[in-house]
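# Residue-level structure breakdown
Residue strings, one per chain:
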Amino acid sequence: METAPKKRFSREEWAWIFYDWANSVWYTNISAAIWPIYFSMVISELANHGFIDTVYGYAVSLANLVTALLAPYLGAIGDFKGMKKTLWKIFLLIGVVFTIFMAVFDNWVLMIIGFIVSRIGISGSCLFYDSFLTDVTTKDRMDKVSAWGYAMGYIGGSTIPFVISIIIMLAMNQSILSFKLAIAIVPVWWLIFSIPFWKYVEQKHYVDTPMKELGRTAFRNAISTFKHILKDKAVLFFLIAYFFYIDGVDTIISMATNYGDTLGLGSIGMILALLVTQIVAMPMSLVFGNIAKKFGALRLITWSVLMYAFITVIGFAMGFMIDFHETVGLTEAAAVSVSTVLFWVLATLVGTVQGGIQSLSRSYFGQIIPAERSNEYYGFMDIFGKFACVIGPALYAFVYGLTDKASFGILSLIVLFFGGFLFLTVGKPYFMKVEHEEIEE
């Protein structure tokens with residue numbers, strides 16, 4: 001007689017979910033909202049908005065490039081017994097230390113160095129965190145567990161410390177010290193809520209190889225995995241599609257407040273709009289996780305990619321209104337007002353799909369790869385994602401520099417979403433084959 005499917009989360013699943021609660025504060029306060037504005041305040045006396053956007057865009061690209069180059073080898077090492085947890089701890093501590101570094105120094109060069117290394121730390125820890133999904137749960141529960149991770153990240157890791165940060169900045173009249181305190185919250189929150197993961201999550205699937213052969217075997221396994229990916233058309237087409245669409249997603253997250261600041265939108269208004277993103281994203285992440293079995297994860301991912309293409313058009317419209325306000329018959333003040341409203345619309349729409357596209361991408365990939373090689377495969381997923389994220393910010397910075405219009409920089413990102421949609425469509429027969437094989441098993 002078949003046993004009823006388990007509904008409650010296990011201790012290991014909850015501990016895994018809570019690392020999203022722990023690290024999401026970095027993506028909100030550092031990547032998306034507060035630190036970019038703080039960095040702009042520090043450097044504004046020395047440079048114009050174009051230079052600020054360009055420096056920030058290339059910094060994001062450099063951090064992603066370093067992570068991308070490290071990911072396959074780190075992934076291969078992480079698949080060996082006991083190594084995954086160790087490497088996760090190392091990158092966690094690197095991220096925490098250099099986030100503190102960002103709050104302490106006022107020199108813009110030191111700030112950008114701290115940002116780059118801190119981003120490498122968060123990215124590396126999340127590479128190993130994602131791969132632990134195959135250790136803490138089963139294939140039939142991955143969509144749900146992954147969705148809950150993002151949901152808890154949005155409501156806890158993003159929203160609660162984000163609200164605290166906003167209160168501090170308003171109470172202290174947006175002083176430099178208030179921004180420093182908002183940044184200092186990040187490493188404290190991140191480290192404290194990483195304790196359940198540190199204590200309860202362990203590597204169950206691994207390759208058992210003697211330590212002395214680790215380096216040589218890891219390199220050989222990374223090459224072998226890459227060859228397997230080239231042969232496995234479902235994994236290959238998914239990774240190529242992911243390469244394109246996640247680039248656009250991450251670039252919009254990373255550049256949103258810089259873009260809004262360039263257009264002259266109010267800092268607090270943008271931060272509150274991004275708070276709406278977090279609030280909307282929490283329930284929508286759970287909705288995506290719950291309806292994935294009914295509509296299919298890939299169908300929901302494809303729908304989200306098209307929604308992001310539409311979001312890119314709204315972003316372009318924001319800048320177009322300001323850059324060409326006389327052409328459309330608006331005063332500059334009226335154009336800023338319209339663009340502010342569009343920023344709120346954009347923030348709300350991003351909230352509806354951001355958690356869903358990230359959580360389902362993570363869980364679907366976990367379902368189509370071998371569990372004992374999960375870290376290695378997620379390493380290649382990370383390299384596809386990070387190399388893509390080198391392109392997005394650099395593309396924005398390049399087109400902005402070429403046209404001197406931030407709106408055209410944002411519009412250029414639409415090609416990334418069309419690329420993702422194309423490869424999801426081309427790969428559909430292979431995805432359907434995998435899904436059919438899963439049903440037969």
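Before any of the text, the structure's been laid out above.
The rules behind the values
Residues numbered from 1 in each chain as written. Predicted model: local features only at pLDDT ≥ 70, side-chain atom pairs only at ≥ 80, totals over all residues. Heavy atoms only, no water. Helix = DSSP H or I, 4+ residues; strand = E, 2+ residues; numbered from the N terminus. Contact = heavy atoms within 4.5 Å. Areas by Shrake-Rupley, 256 points an atom, 1.4 Å probe, with all protein chains shown as cover. Expected span 1.5 Å × (residues − 1). Bend = angle between axes of the 7 residues up to and from the residue. Patch = residues over 30% accessible without salt bridge, like charges linked within 9 Å, V, L, I, M, F, W, Y side chains within 5 Å. Salt bridge = Lys/Arg side-chain N within 4 Å of Asp/Glu carboxyl O. Buried < 20%, exposed > 50% of the residue type's maximum accessible area, 1.4 Å probe, protein only. Phe/Tyr/Trp six-rings, centres within 6.5 Å; stacked < 30°, edge-to-face > 60°. Lys NZ or Arg CZ within 6 Å of the ring centre and 35° of its normal. Core = buried A, V, L, I, M, F, W, Y, C linked by side-chain atoms within 4.5 Å. Axes fitted to C-alpha atoms, helices over the stretch in contact; angles between N-to-C directions. Parallel < 35°, antiparallel > 145°, perpendicular 65-115°, else oblique. Left-handed = near helix turned anticlockwise from the far one by under 90°. Nonpolar A, V, L, I, M, F, W, Y, C, P; charged D, E, K, R; others polar.

On to the overall build of the chain. What the chain contains, in helices and strands, is 18 helices and zero strands. Taking all contacts inside the chain whose residues are at least 6 apart in sequence as the whole, residues at least 24 apart take part in 85%. When the accessible area of the chain is evaluated, it comes to approximately 17800 Å², of which 69% is carbon and sulfur surface.

Turning next to helix α14 (residues 332-367). Between its first and last C-alpha atoms α14 spans 51 Å; for 36 residues at 1.5 Å apiece the expected length is 52 Å, and the two agree. In α14, a bend of some 30° at glycine 351 exceeds every other bend along the element.

The next subject is a nonpolar patch on the surface. Taken together, the side chains of Ile100, Val104, Phe105, Val109, Leu110 and Ile113 define a hydrophobic patch exposed on the protein surface, amounting to about 450 Å² of accessible area. Put simply, the parts of the chain that give the nonpolar patch at least two residues each are α4 (83-104) and α5 (108-131). Counting residues per element, the nonpolar patch draws most heavily on α5, at three residues. Structurally, isoleucine 100 is set in helix α4. On the basis of relative accessible area, isoleucine 100 is assigned to the partly exposed category, the value being 41%.

Take helix α7 (residues 142-171) next. Taking 1.5 Å of rise per residue, the 30 residues of α7 would be expected to cover 44 Å, and the 42 Å separating its terminal C-alpha atoms lies within 8% of that figure. A bend of about 35° at glycine 153 is the largest found in α7. Just downstream of α7 lies asparagine 173, where phi reads positive at about 60°.

Attention shifts here to the packing of aromatic side chains. Here the structure, examined in full by the defined rule, presents 37 aromatic pairs. Considering the side-chain rings of tryptophan 16 and tyrosine 129, the 4.4 Å spacing of their centres and the 25° angle between planes classify their relative orientation as stacked. Pair noted here: tryptophan 16 is in helix α1 (residues 11-32) and tyrosine 129 is in helix α5, with a separation of 113 residues, a long-range link. With respect to class, tryptophan 16 is no different from tyrosine 129; both count as buried. Ring centres of phenylalanine 238 and tyrosine 242 lie 6.3 Å apart, and the angle between their planes is 20°; on these two criteria the pair is classed as stacked. Highlighted residues: phenylalanine 238 and tyrosine 242, both in helix α11 (residues 233-262), separated by four residues, approximately one helical turn. Tyrosine 242 sits in the buried class, given a relative accessible area of 13%. Among the aromatic residues, those joined into a ring-pair cluster are Phe9, Trp14, Phe18, Trp21, Trp148, Trp189 and Phe193. Lying over the aromatic face of phenylalanine 132, lysine 84 brings its terminal NZ or CZ to 4.7 Å of the ring centre.

Once that is clear, we can look at unusual backbone geometry. Backbone geometry follows two general trends: most residues other than glycine have a negative phi, and most peptide bonds adopt the trans configuration. For glutamine 174, which is not a glycine, the phi torsion comes out positive at approximately 55°. With respect to the helices, strands and loops of the structure, glutamine 174 is situated in the loop between α7 and α8 (176-192). By relative accessible area, glutamine 174 is classed as partly exposed at 32%. Unlike most non-glycine residues, aspartate 404 shows phi in positive territory, near 60°. Tracing the backbone through its elements, the reader meets aspartate 404 in the loop between α15 (374-403) and α16 (406-411). Looking at aspartate 404, the relative accessible area reads 60%, which means it is exposed.

Turning our attention to the pattern of salt bridges. Within the structure shown, the criterion is met by seven salt bridges. The closest approach of N and O atoms between arginine 141 and glutamate 13, which form a salt bridge, is 2.9 Å. In this pair, arginine 141 sits in the loop between α6 (133-136) and α7 while glutamate 13 sits in helix α1, placing the two residues 128 residues apart along the sequence. With relative accessibility at 7%, the residue arginine 141 sits in the buried group. Residue glutamate 13 is classed as buried on the basis of its relative accessible area of 1%. Ionic pairing is found between aspartate 106 and lysine 180, a salt bridge with its closest N-O pair at 2.8 Å. Taken together, the residues aspartate 106 in the loop between α4 and α5 and lysine 180 in helix α8 connect sequence positions 74 residues apart. Taking the relative accessible area as the measure of exposure, aspartate 106 reaches 42% and is therefore partly exposed. One continuous salt-bridge network, built from bridges that share partners, spans Asp20, Asp130 and Arg362.

Attention shifts here to the nonpolar core. Counting 123 residues, the largest nonpolar core has Trp16, Trp35, Tyr245 and Phe365 as the members making the most contacts within it. Ranked by residue count, the leading element in this core is α11, at 15 residues. The contact partners of tryptophan 16, leaving out residues within four places of it in the chain, are Tyr129, Phe132, Leu133, Val136, Val145, Ser146, Phe197, Val201 and Arg362. With six residues, the next largest nonpolar core counts Tyr150, Ala151, Tyr154 and Ala281 among its residues.

This brings us to the packing of α1 against α8. Packed helices, taken two at a time, are described by the angle their axes make and the gap between the axes. Relative orientation of the contacting elements α1 and α8 amounts to 165°, with a least axis distance of 8 Å. Comparing their axes, α8 and α1 come out roughly antiparallel. Between α1 and α8 the crossing geometry is left-handed. Seen from α1, the contacting residues are Tyr19, Trp21, Ala22, Asn23, Val25, Trp26, Asn29 and Ile30; seen from α8, they are Ala182, Ile183, Val186, Trp189 and Trp190. Classifying every residue of the contact of α1 with α8 by side-chain character gives 11 nonpolar, two polar and no charged.

Let's shift gears to the environment of glycine 319. Of note, glycine 319 is situated in helix α13 (residues 297-323). Relative accessible area serves as the criterion here: at 0%, glycine 319 is assigned to the buried category. Sequence separation of glycine 319 and valine 336 is 17 residues, and the distance between their C-alpha atoms is 9.1 Å.

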